[in-house]
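Results of the structural survey
Okay, here's what each chain looks like letter by letter:
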Amino acid sequence: MSVQFFQHLLNTLKKKELVLATVIQTSGSVPREIGAKMIICADGETINTIGGGAGEAKVCRIAQTVLKTGKKQKLTIDLSGVSHKTTEGVCGGTMQVWLEKWSGESAIALGQEILNYLKSGKKITLFTPFSSSESPYLLLKNLTEPSAETGFSEIVHPPPLLLIIGAGHVGEQLAKVGNMLGFNIFIQDDRPEWANKSRYPQATQIFTDSISVALPQFVHYQPLYLALVTRGYQYDLEALKTILDHQITYNYLGMIGSKKRIQAVKKALAKLNFSPSYLTSFYAPIGLDIGALTPEEIAISIGAELILVQRGGTGRPLSVKKSVLA
């Protein structure tokens, strides 16, 4: 789950009680993955989703009972679509969803502790006991992990960091898309009139130093995604040289520009005696081919490519059949 979700969790806990619904087990085709979470409040407010439709409506309905009684519940959401059974959908599988009431100072403290770890780039293990007498807690290194029969254990990773190099029109829209996708947004551009909090409210940090000064600070950050959407060839070249000089590892590196511009950058790097295999996972031109023209459309195409790299996939339309018999 994203930092944004746990921030919502904490903010809501400071105002009212809530039920946290967590997908703890799945079988077959289902709309959400194990660990997916949803917040449900007594006034009907919900945050995030565990799949929508009749299954989610059932979760929201039972959550109101959990809020009143405080009693934890495990629900089975049947999405098999079997005709002789009462099912909540036709995806084809089943989901086990755990419902638990969160309230009070101890829940607020846990929410804050989770946020502190994630914002510092550290992963955590959250354990949710099935026992009615125990509350969720973090499994620290000095604690032995309980058995799976006694509760649900999940590793929560810090958000991937998206460093947008270039604070122009595309960068501005990409920050919005990246933030929506759960990335921790950082901006670099040596123009303070472009790179500022007014234009980039989503940014955790904004660098107006040169890229050769800013980039080395990310040598040890993982997972790291880099998007070069600069205003010119020389800025691309400086960024790539810095990445190579400092041997910065990354999950994704994309560069905007025409094929001519990209070839020019590669040739310039070759003249500086960098090996032809100097870059791995280099996506240039950046983004998926969806015919994007406007900054907003280009940002969406880049966002789609970020998801593809992060989650896996083909990039083909889902409607395209793998075979004529599919």
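Criteria and thresholds
Residues numbered from 1 in each chain as written. Predicted model: local features only at pLDDT ≥ 70, side-chain atom pairs only at ≥ 80, totals over all residues. Heavy atoms only, no water. Helix = DSSP H or I, 4+ residues; strand = E, 2+ residues; numbered from the N terminus. Buried < 20%, exposed > 50% of the residue type's maximum accessible area, 1.4 Å probe, protein only. Contact = heavy atoms within 4.5 Å. Salt bridge = Lys/Arg side-chain N within 4 Å of Asp/Glu carboxyl O. Pairing = 2+ DSSP bridges. Patch = residues over 30% accessible without salt bridge, like charges linked within 9 Å, V, L, I, M, F, W, Y side chains within 5 Å. Areas by Shrake-Rupley, 256 points an atom, 1.4 Å probe, with all protein chains shown as cover. Axes fitted to C-alpha atoms, helices over the stretch in contact; angles between N-to-C directions. Parallel < 35°, antiparallel > 145°, perpendicular 65-115°, else oblique. Left-handed = near helix turned anticlockwise from the far one by under 90°. Nonpolar A, V, L, I, M, F, W, Y, C, P; charged D, E, K, R; others polar. Core = buried A, V, L, I, M, F, W, Y, C linked by side-chain atoms within 4.5 Å. Expected span 1.5 Å × (residues − 1). 1 Å grid on protein atoms, 1.4 Å probe; cavity = no way out; pocket = protein on both sides within 12 Å on 5 of 7 lines; lining within 4 Å. Points joined across faces, edges and corners; volume = space filled by probe spheres on them.

1. Quick word on the side chain of Q188
- Tracing the backbone through its elements, the reader meets Q188 in strand 10 (residues 184-188).
- Note on Q188: relative accessible area 6%, which makes it buried.
- Excluding anything up to four places from it in sequence, Q188 contacts L163, I164, I165, G166, A167, F207, D209, S210, I211 and A214.

2. Thoughts on the pattern of salt bridges
- For the coordinates displayed, the defined rule picks out 11 salt bridges.
- The residue D236 makes a salt bridge to R261 at a minimum N-O spacing of 2.5 Å. Highlighted residues: D236 in helix 6 (residues 233-245) and R261 in helix 7 (residues 259-271), separated in sequence by 25 residues.
- Overall, the relative accessible area of 0% leaves D236 in the buried class.

3. So, the sheet that holds strand 7 (residues 137-138)
- Spatially, 7-6-8 is the arrangement adopted by the 3 strands of the open sheet, whose pairing is antiparallel. The two strands at the open ends of the sheet, each matched to only one other strand, are strand 7 and strand 8 (151-156).
- Pairing analysis gives 6 bridges linking strand 6 (residues 124-129) to strand 8, with the strands arranged antiparallel. Its bridge partner lying in strand 8, T128 is registered against F152.

4. Thoughts on a nonpolar patch on the surface
- A grouping of M180, L181 and I307 is seen on the molecular surface, where their side chains present a nonpolar patch of about 280 Å² in accessible area.
- Here L181 lies in the loop between helix 4 (169-180) and strand 10.

5. Let's talk about the packing of helix 6 against helix 7
- Closest axis-to-axis distance for the helix 6/helix 7 pair is 10 Å, and the angle between their directions is 45°. Between helix 6 and helix 7, the crossing angle belongs to the class labelled oblique. At the point where helix 6 passes helix 7, the crossing takes the right-handed sense. Counting all contacts with helix 6, which are made through Y233, D236, L237, L240, K241 and L244, the residues of helix 7 involved are R261, A264, V265, A268 and L269.
- Classifying every residue of the contact of helix 6 with helix 7 by side-chain character gives 8 nonpolar, no polar and 3 charged.

6. Section: the sheet that holds strand 13 (residues 252-255)
- Sheet architecture is open: 6 strands sit in the order 11-10-9-12-13-14, paired in parallel fashion. Each edge of the sheet is formed by a strand with only one pairing partner; in this case those strands are strand 11 (205-207) and strand 14 (282-283).
- Taken together, the 3 bridges between strand 10 and strand 11 define a ladder with parallel strand orientation. Residue Q188 lies in a different strand from strand 11, and its bridge partner there is F207.

7. Topic: the nonpolar core
- L163, L215, L226, L240, I243 and L253 are the most contacted members of the largest nonpolar core, which has 28 residues in total.
- Secondary-structure elements contributing two or more residues to this core are strand 9 (161-165), helix 5 (211-214), strand 12 (224-228), helix 6, strand 13 and helix 7.
- With 5 residues, the single largest contributor to this core is helix 6.
- Contact partners of L163, with chain neighbours within four places excluded, come to F186, I187, Q188, L215, F218, Y225, L226 and A227.
- Counting 23 residues, the second-largest nonpolar core is a separate cluster that includes I187, A227, Y252 and A299.

8. Here we look at helix 8 (residues 295-311)
- Here helix 8 spans 24 Å end to end across 17 residues, near enough to the 24 Å set by a 1.5 Å rise per residue.
- Of all the residues in helix 8, the buried ones are I298, A299, S301, I302, G303, E305 and L306.
- Buried positions along helix 8 lie against strand 9, helix 4, strand 12, strand 13 and strand 14.
- Immediately beyond the C-terminal end of helix 8, within one or two residues, lies G312, with a positive phi of roughly 95°.

9. Some points on empty space enclosed by the protein
- Following the criterion strictly, the structure yields 1 cavity of 30 Å³ or more and no others.
- Within this model, the largest cavity holds a volume of roughly 60 Å³.
- Around the largest cavity, the lining residues are L20, T22, I24, K37, W98, E100, W102, L126, T128, P136, F152 and E154.
- Secondary structure elements with two or more residues in the lining of the largest cavity: strand 1 (18-27), strand 5 (94-102), strand 6 and strand 8.
- Counted by class, the lining of the largest cavity contains 7 nonpolar, 2 polar and 3 charged residues.

That's the geometry; what it means functionally is another story.
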